[in-house]
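# Remarks on the overall topology
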Amino acid sequence: MIAEPRGVGHDARAAVITTLAFVMAVALLPPGSYLALLFAWLLLAFAGALLGISPGRLARRGLVALPFVVAAVPIVFTRSDELLWAGTVGPLSVQISGAGLRIALTALLKAWSSVQASVLLLALASAPSIVTALRRMRLPNLIATSAGLTIRYLELLRDEARRMLRARTPQC
């Protein structure tokens with residue numbers, strides 16, 4: 001393992017800034033930038049390997065973004081340019097747009113990559129050090145506190161899910 005271990009005293013400003021820069025760069029990619037998104041994911045996989053996280057595990061952790069991408073699905077049916085298919089399904093007339101499909105798929109890949117970058121940030125730095133870094137970067141205290149509470153809440157949800165899965169397994 002090449003990266004430094006997680007620690008409360010560790011200054012996480014560089015990790016936070018790098019993660020934010022990565023997420024912004026991914027978010028600013030135009031629809032259909034699949035090669036750039038592949039390169040971004042390979043960069044994440046390499047960084048994950050340095051932290052001891054396998055690409056498969058990192059990819060699975062990124063799937064938490066899927067429910068939030070559902071909001072982009074209607075664009076597949078509402079765009080009228082580059083029609084791939086148009087027809088009727090029961091009483092509804094439905095059309096599938098190539099441009100809408102491209103936008104929705106790009107949104108999915110962007111969200112997936114951004115969540116994986118956040119997973120790497122949390123693997124590199126502890127939650128208190130991230131909050132401290134946000135405060136040292138002179139972000140408003142409300143934002144830093146909200147980020148800390150969000151991270152803590154997600155950790156609680158993860159721990160509760162583990163307890164529920166452990167309780168569900170049969171005791172033989």
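Residues numbered from 1 in each chain as written. Predicted model: local features only at pLDDT ≥ 70, side-chain atom pairs only at ≥ 80, totals over all residues. Heavy atoms only, no water.

## Some details on the side chain of Thr106
As for its placement among the helices and strands, Thr106 is situated in helix α6 (residues 98-124). Within the structure, Thr106 has its side chain in polar contact with the backbone oxygen of Arg102 (distance 2.7 Å). If near-sequence neighbours (up to four positions away) are discounted, Thr106 is found in contact with Pro30, Pro31, Gly32, Tyr34 and Leu37. (Helix = DSSP H or I, 4+ residues; strand = E, 2+ residues; numbered from the N terminus. Polar contact = N/O pair within 3.5 Å; in protein donor to acceptor, adjacent residues only side chain to side chain. Contact = heavy atoms within 4.5 Å.)

## So, the layout of surface pockets
Taken as a whole, the largest pocket spans an internal volume of roughly 1,200 Å³. For the largest pocket, the lining is made up of 30 residues, of which Val115, Ser118, Val119, Leu122 and Leu154 are closest to its centre. A breakdown of the residues in the lining of the largest pocket according to their chemical character gives 20 nonpolar, 4 polar and 6 charged. When its volume is computed, the second largest pocket comes out at roughly 350 Å³. Forming the boundary of the second largest pocket are 14 residues, of which Thr18, Thr19, Ala47, Leu120 and Leu124 lie nearest the centre. Counting residues per element, the ones that place at least two in the lining of the second largest pocket are α1 (13-27), α2 (34-50) and α6. Each residue belonging to the lining of the second largest pocket can be placed in one class, and the counts come to 12 nonpolar, 2 polar and no charged. (1 Å grid on protein atoms, 1.4 Å probe; cavity = no way out; pocket = protein on both sides within 12 Å on 5 of 7 lines; lining within 4 Å. Points joined across faces, edges and corners; volume = space filled by probe spheres on them. Nonpolar A, V, L, I, M, F, W, Y, C, P; charged D, E, K, R; others polar.)

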